[in-house]
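One-letter residues, chain by chain:
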Amino acid sequence: MRKPNLVWRLLAILAVFSLIVAACGDDDEGTGETTTAAPTTTEAPTTTAAPTTTTTTTLPEPEGQAPVEGAAMSVTYNIHPDATWSDGVAVTAADFAFSHEIIMNPDLDILSREGNNKIINWEIIDDKTIRFDFGEVYAPWQTLWATTGILPEHELDGKDFDSYWDEQITLGSGPFIFKEWVKDQQIVLERNPNYWRDTFVDGTPVGDVQTIIIPFLEDSQTQVQALRGREIDMFYPQPQLDLVEQVAGIEGVTSEAGLGPVWEHFDFNHSDPLLSQTFIRQAIAKGIDRAAIVEAIIQPLAPAAVPLNNSIWMNGTAFYQDHFSQFDYDPVGAEALLTDNGCAKGGDGVYECGGERLSFTWTTTAGNEARELQFEIAQQQLAQIGIEVTPKFGPASEVFADENFYGDNSAWQVFNFAWVGSPDPAGSNTLYYCEGDAPNGFGSINNLRYCDEEVDALIRSTDGLVDPAARAAAYNEADEMWLAEVPLIPMYQKPTFFAWYTDIVGPADNATQVGPMWNVEAWTGAEQIVFGADQQPDSLNQYTPDGNLFAATLVAGAVQQGAYTILPDFSYVPNLIESADVTLYEE
């Protein structure tokens, strides 16, 4: 094979990094092991801001002739020579190729093909080297296989991938292997006896934890009681003031809290004949005092928190722009929107528009005190402007199941949850797509059923923009247009929270989709750890999760590995690979 004239070598620069925090987990029953007495943590956790990361990468100047017709760019992965599967078989270029083919198989129910759908050709150079050729420049190429693992061809070839890994990850390259899943109770992981690394990617030695038990417990207060009684050793709950204060009083427990790319929002189901009307969505937005909700629920944990006015960039990051403050709390203006559009208040105090009452169900996860409180605040405020919302709460396993999450207005009308972001906004591009792989026919994570063709085109254009400033400008132009129509209400950058007993050394949070298991191989101090989780996955397959992706990632993160992993400082570092070569070709 001819060598291109210009190759951009990306090497892993491993250094000490500052930690930030994010949380979304909880706990159930189990036994933890204590080896030494630990000090009492009495102060609230320190809150840190997210890094001001701009984009995933910059690209080299074009040079050289494309290896295949139509290629604008190539990425060559140099797989780590020691990388092996838990059965001792080497991780090879064939596994990378197989993973790509699985993603692009049209007969499979894949969560997202974004990025892979731009690959027009691949070539195995040798057992540990593979080149992928892209038909167009793809700026966020590092996002491929960073939060989902490479798949073992010799284990999965010929199997029904849509179902084979639903209940058990039979083979991985990570530090732990899957042992069992007792439905509605717990998942058990055991140390991989054939793990190929002696150190984590930052040089930290591999720890001594042999077993991880992950029980499921959805109620926040029960989670705290389990931690206090050392039925669990750590948890990753939805942060709320009372919970944080209780954890601060538990002897031997430390915690971290911070602001990462996790953002809370109220979604509208655009299949609803009322919520599909812009003025009604705008009235709801003006009828909710987001600042009051942030002050009551978030600022006690993160004093610097403010309402979020962008759906792509977080507050304080380099490219953040305000695109939503025109919908700040204005109850008089909210009612004016309704009356100006012919709506009239009924005898029960609820407006009717076109003969239909403005009464909607409100879906969120049951047992989450913070979300139940913000629902009550929103419910009272909306009632004052003549809009009724009624609770339709349920366990995460139900509200995030595909048939509900992607359902029409008979499944949900208003939905409150949080997106867990990544360092590069490309990971959320499909939220804005009018067509895609979602069960509802829209972009992969577009549960809103909302389409703006101009916004769709702008978001899609960002993949080919190499200049970070130009790319950010396109994102902001799209976001400004999108939020003007209020397809959802961005609420706030969600604080994160991770707590654990201090005799366990190594845990630290990671605010990206990689989650709290990001460095699990380096944890030490106990042979067995009980990690409480607030959500049970519907499927363990990250590619076809059939429900809550975060719950699946929590488990898969300890068992599977991608080409890259993401550190808490938002940097992408090689994991299964030693390096990657990126080449752009002259037209």
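Residues numbered from 1 in each chain as written. Predicted model: local features only at pLDDT ≥ 70, side-chain atom pairs only at ≥ 80, totals over all residues. Heavy atoms only, no water.

Colleague: What exactly am I supposed to notice about the packing of helix H12 (residues 453-461) against helix H13 (residues 468-484) here?
Modeller: Describing two packed helices takes the angle between their axes plus the distance from one axis to the other. One can describe the packing of H12 onto H13 by two numbers: an axis separation of 9 Å at closest approach and a directional angle of 160°. Taken together, the axes of H12 and H13 lie roughly antiparallel to each other. Crossing of H12 against H13: the hand is left-handed. Residues Glu-454, Val-455, Leu-458, Ile-459 and Ser-461 of H12 form the contact with H13, whose own contacting residues are Ala-474, Tyr-475, Glu-477, Ala-478, Met-481 and Trp-482. (Axes fitted to C-alpha atoms, helices over the stretch in contact; angles between N-to-C directions. Helix = DSSP H or I, 4+ residues; strand = E, 2+ residues; numbered from the N terminus. Parallel < 35°, antiparallel > 145°, perpendicular 65-115°, else oblique. Left-handed = near helix turned anticlockwise from the far one by under 90°. Contact = heavy atoms within 4.5 Å.)

Colleague: Sorry, what's going on with the state of the cysteines here?
Modeller: Each disulfide consists of a covalent bond between the sulfur atoms of two cysteine residues. Inspection of the entire model under this criterion finds two disulfides. The partner cysteine of Cys-434 in its disulfide is Cys-451, sulfur to sulfur 2.0 Å. Taking the sign of the S-S torsion, 90° for the link of Cys-434 and Cys-451, the bridge is right-handed. With Cys-434 in the loop between strand E16 (414-420) and H12 and Cys-451 in the loop between E16 and H12, the pair connects residues that are 17 residues apart, well separated along the chain. On the basis of relative accessibility, which here comes to 8%, the residue Cys-434 falls in the buried class. Cysteine pairing for the protein (bonded cysteines numbered in sequence order): 1-2, 3-4. (Disulfide = S-S within 2.5 Å. Buried < 20%, exposed > 50% of the residue type's maximum accessible area, 1.4 Å probe, protein only.)

Colleague: Looking at this structure, how should I read the packing of aromatic side chains?
Modeller: A ring pair, where both rings are aromatic, is described by two values, the distance of the centres and the angle of the planes. Using the criterion set out here, one finds 32 aromatic pairs in the structure. With centroids separated by 5.6 Å and ring planes inclined at 40°, the aromatic side chains of Tyr-77 and Phe-96 adopt a geometry described as tilted. In this pair, Tyr-77 is assigned in strand E3 (residues 73-79) and Phe-96 in helix H1 (residues 93-104), connecting sequence segments 19 residues apart. In terms of burial, Tyr-77 and Phe-96 fall into one category: buried. Residues Tyr-432 and Trp-482 carry aromatic rings whose centres are separated by 4.6 Å and whose planes lie at 65° to one another, so their mutual orientation is edge-to-face. Note that Tyr-432 is positioned in the loop between E16 and H12 and Trp-482 in helix H13, a separation of 50 residues in sequence. Considered together, Tyr-432 and Trp-482 belong to a single accessibility category, that of buried residues. Taken together through their ring pairs, the aromatic side chains of Phe-400, Phe-405, Tyr-406, Trp-412, Phe-415, Phe-417 and Trp-419 make up a single cluster. Positioned above the aromatic ring of Trp-181 is the side chain of Lys-183, whose terminal nitrogen or guanidinium carbon lies 4.6 Å from the ring centre. (Phe/Tyr/Trp six-rings, centres within 6.5 Å; stacked < 30°, edge-to-face > 60°. Lys NZ or Arg CZ within 6 Å of the ring centre and 35° of its normal.)

Colleague: It is not clear to me how the sheet that holds strand E12 (residues 351-353) should be interpreted in this structure. Could you clarify?
Modeller: The antiparallel open sheet is built from three strands, whose spatial order is E11-E12-E13. Of all the strands in the sheet, the pair left with one neighbour each is strand E11 (344-345) and strand E13 (356-357). In this structure, E12 lies alongside E13, joined through two bridges in antiparallel fashion. Across the sheet, the residue bridging to Glu-352 is Arg-357, located in E13. (Pairing = 2+ DSSP bridges.)

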